[in-house]
Amino acid sequence: MARPHELQRQRSYEYYREFFVEADTDKSGYVSFQELLQILRRKGYRGSESTLRKLFQQADLSGDNKLSLHEFMRAMEVVTENDHKAAMMRVCFRKYDENNDGKIDRNELDQAFLEMGKLMHPADLDRVMKSADRDGSGALDYEEFINLMFPEK
């Protein structure tokens, strides 16, 4: 039976392999900088294009301006877990910010809970919204939403 850390490593490998396949839009077996940039932006990764280009060049061990799966996987080993979590949180926020105004309103929050299988009574939803809306704007900005959905221990 596999140990927990081995299972996590296997899941990570599968996740990155699927990420690579999704990024390889021309199905060449390699990922160009533009392909990588597009998927990273879509998945919520931040950073300037020049910073991402430097990382790409460091990962491109063969110097052919494209990443093989092997090069990509080696590069993913150096990306911190916090970077991955932050990107996933940004994707989550954007998913529920249906009108793209940079805030999660009460209806969007209700929808988020419904998708997670939580049917909230309107009064409970109001209480959650009020407690999470620290600036009193009537909507949750990114930080407020993340603190609600992913509270620190």
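Residues numbered from 1 in each chain as written. Predicted model: local features only at pLDDT ≥ 70, side-chain atom pairs only at ≥ 80, totals over all residues. Heavy atoms only, no water.

A. Just the confidence of the model for the protein chain, in detail. Residues with a pLDDT of 70 or more make up 87% of the protein chain, whose mean pLDDT is 85. Ranking the elements of the protein chain by mean pLDDT puts helix 5 (residues 81-96) last with 76 and helix 7 (residues 122-132) first with 94. (pLDDT = per-residue confidence, 0-100. Helix = DSSP H or I, 4+ residues; strand = E, 2+ residues; numbered from the N terminus.)

B. Structural view of helix 8 (residues 142-149). Taken as a whole, helix 8 has its buried residues at Glu144, Phe145, Ile146 and Met149. Two or three places before Glu143, at the opening of helix 8, Asp141 has a side-chain oxygen 3.2 Å from that residue's backbone nitrogen. (Buried < 20%, exposed > 50% of the residue type's maximum accessible area, 1.4 Å probe, protein only. Polar contact = N/O pair within 3.5 Å; in protein donor to acceptor, adjacent residues only side chain to side chain.)

C. Inspection of the side chain of Glu35 at higher detail. Its location among the elements puts Glu35 in helix 2 (residues 33-42). We note that Glu35 is buried and unpaired, the nearest opposite charge coming from Lys27 at a distance of 7.9 Å. Separated by 3.1 Å, the side chains of Glu35 and Thr25 make a polar contact. The contacts of Glu35, once residues within four sequence positions are left out, are Ala23, Asp24, Thr25, Asp26 and Tyr30. (Lys, Arg positive; Asp, Glu negative; His and termini not counted. Salt bridge = Lys/Arg side-chain N within 4 Å of Asp/Glu carboxyl O. Contact = heavy atoms within 4.5 Å.)

D. Focus on the packing of aromatic side chains. What the rule picks out here adds up to eight aromatic pairs. Here Phe19 and Phe72 contribute two aromatic rings whose centre-to-centre distance is 5.8 Å and whose plane-to-plane angle is 20°, an arrangement assigned as stacked. Highlighted residues: Phe19 in helix 1 (residues 4-23) and Phe72 in helix 4 (residues 69-78), separated in sequence by 53 residues. You'll find Phe19 and Phe72 in the same group, each marked buried. Between Phe20 and Phe72, the aromatic rings sit 5.5 Å apart at their centres with planes inclined by 55°, giving tilted as the arrangement. Of this pair, Phe20 sits in helix 1 while Phe72 sits in helix 4; the two residues are 52 residues apart in sequence, bridging distant segments of the chain. Under the relative-accessibility criterion, Phe20 is labelled buried at 5%. The exposure class assigned to Phe72 is buried, which follows from its relative accessible area of 2%. Put simply, the rings of Tyr15, Tyr16, Phe19, Phe20 and Phe72 pair up and form one aromatic cluster. The cationic tip of Arg53 hangs over the ring face of Phe33; the distance from NZ or CZ to the ring centre is 3.9 Å. The lysine or arginine in question, Lys66, covers the ring of Tyr30, its NZ or CZ lying 4.3 Å from the ring centre. (Phe/Tyr/Trp six-rings, centres within 6.5 Å; stacked < 30°, edge-to-face > 60°. Lys NZ or Arg CZ within 6 Å of the ring centre and 35° of its normal.)

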